[in-house]
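# Fold and geometry: a report
Each chain, written out:
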Amino acid sequence: MSGSVELGAPLLRSGTISSIDSEHIEAVYGRYFGIIWHKCARMLGDSDDAKDVAQETFTRLWAKRETVRDERAVVAWIYRTSTRLAFARYRAGIRHVSYIEHEAEGPVERGSTPESLVLLRDVFVKVLAIAPRREFECAVLNRVDGLTQSEIADVLKVSDRTVRRLLTQFQQRVDLVPSSERTAS
Amino acid sequence: MSDASRHPSRLELDLHKLGAAQYPTTSSHLQGCSTCSDHVKRLSTNKSVPRWATGLAKPSSRGWRRRVVVASSIGAMAAAIALFLASSRTEEQADEQRYTTVKGMPSVGIYVKRTARSFLWDGTDPLQQGDRVQLSVSGEGFLRVTIFSSSGDPSDQKFERIYMGPLQPKGVTYLPTAWRIDGASDREDLLVVLSHEAVGENKIHKHLRNPNRNDRTDKLWMRQLVFRVQAPESAEQ
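Residues numbered from 1 in each chain as written. Chains lettered and ligands numbered in written order. Predicted model: local features only at pLDDT ≥ 70, side-chain atom pairs only at ≥ 80, totals over all residues. Heavy atoms only, no water.

## Focus: the packing of helix α1 (residues 25-44) of chain A against helix α5 (residues 133-144) of chain A
All names here are of chain A. With their axes 11 Å apart at the nearest point, α1 and α5 run at an angle of 105° to one another. As judged from the angle between their axes, α1 and α5 are roughly perpendicular. Between α1 and α5, the contacting residues are K39, R42 and M43 on the first element and V140, L141 and V144 on the second. Among the residues forming the contact of α1 with α5, the class breakdown is four nonpolar, no polar and two charged. (Axes fitted to C-alpha atoms, helices over the stretch in contact; angles between N-to-C directions. Helix = DSSP H or I, 4+ residues; strand = E, 2+ residues; numbered from the N terminus. Parallel < 35°, antiparallel > 145°, perpendicular 65-115°, else oblique. Contact = heavy atoms within 4.5 Å. Nonpolar A, V, L, I, M, F, W, Y, C, P; charged D, E, K, R; others polar.)

## What about the pattern of salt bridges?
In total, this model carries 13 salt bridges over all chains according to the counting rule given. A salt bridge links E135(A) to R173(A), with the shortest nitrogen-to-oxygen separation between them at 2.6 Å. Taken as a pair, E135(A) in helix α5 and R173(A) in helix α7 (residues 160-176) lie far apart in primary sequence, 38 residues in all. A residue is classified by how much of its surface remains accessible, and E135(A), at 3% relative accessible area, is buried. Judged by its relative accessible area of 28%, R173(A) falls in the partly exposed class. The partner of R114(B) in a salt bridge is D131(B), with the nearest N and O atoms 2.7 Å apart. With R114(B) in strand β3 (residues 107-114) and D131(B) in the loop between β5 (127-128) and β6 (132-138), the pair connects residues that are 17 residues apart, well separated along the chain. The same class applies to R114(B) as to D131(B), namely buried. (Salt bridge = Lys/Arg side-chain N within 4 Å of Asp/Glu carboxyl O. Buried < 20%, exposed > 50% of the residue type's maximum accessible area, 1.4 Å probe, protein only.)

## A short note on the sheet that holds β5(B)
Ordered in space as β5-β11-β10-β7-β8 (chain B), the five strands form an open sheet in which the pairing is mixed. Each edge of the open sheet is held by one strand with a lone partner, namely β5 and β8 (158-166) of chain B. Looking at chain direction, β5(B) and strand β11 (residues 221-230) of chain B are connected through two bridges and run parallel. Its bridge partner lying in β11(B), L127(B) is registered against V229(B). The strands touched by helix α2 (residues 48-63) of chain A are β7 (144-151) and β8 of chain B; relative to β8(B), the strand with the most contacts, the crossing angle is about 55°. (Pairing = 2+ DSSP bridges.)

Below you can see the structure in the form of structure tokens.
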């Protein structure tokens, strides 16, 4: 998560959000809130919970504006923070994953029919609800957002090896779900 | 994601939208993939900035003027004034509370700074234009505090979030923000919400519409505070 980015938009005048005074919150909102909202909607559906998590994420981003330094860091931070906030919602019983990204790397099951995709999603959501936080984060970033293992490692600030291990553990949880629940009858 | 035939991740597409894509193949992929190009188009929003967002930047919020109180004044106030307000106290004031779902015994302390004098609000005396109000919260296990200002009649109250932040696991948390009464209204309402996760206006509206429903009510603790406001007393203040 390094390297400088040319920032043509007026948001980051000198490489940091902090260089924008408070009157420019409209610019920050316009630039980032769409990304935040779609990320939250993928995890929580078009729900009040998604709105709350999106609002919380943006509020935290605004509070962090003095420390986030480039676009890649901003987006990685958004993905990391919103995923962690969504974890709390899953623990509270909220399960609204709207769809699963089937093009991601890793042990993604590729269903060929709509029925099998629905079953896959149901099993995925069921396992998400019981997975430890790190596994939850990796699984969501991989299967909902379609991140590669390398991208996940950057976002979560862990090693590729750790990501592989967590995704494998998550897959093992999926495999423990009885096969009758994972295949169309 | 160097293979242009594969869909880039949502993160990569989001970065592309910001002009910071990591992979050179992303642009060419977008030219031939309606799924991904539609995603990038959807990221643009023409909606106006909502009030909760503009409230983050502007120091005022419906009559409340946010002022950061320096640590020294917080300490001075805290030292001068005993901790206040067991939860039972406001419960006696029917118009000051909506309902409470209790976990432990949370409490809210209300400190008023009037010119050079600081004191605990007694729960009844009117505040004056120019007063600054600061809250302390004893969360008793709750992790977050959110403050809303409210307006409108009781049957159709509108809430606007004006502060949220973490609570210390134990003891009293002094909120780092104070609000100044600008005297634009003869009444100011605050709703203090303690919770374990972020709480937005939507959840509050939903909850107040149906306070008895059994949806995680044990996860919220609320206290509504009503301040009557009057013009400043004469010059000796």
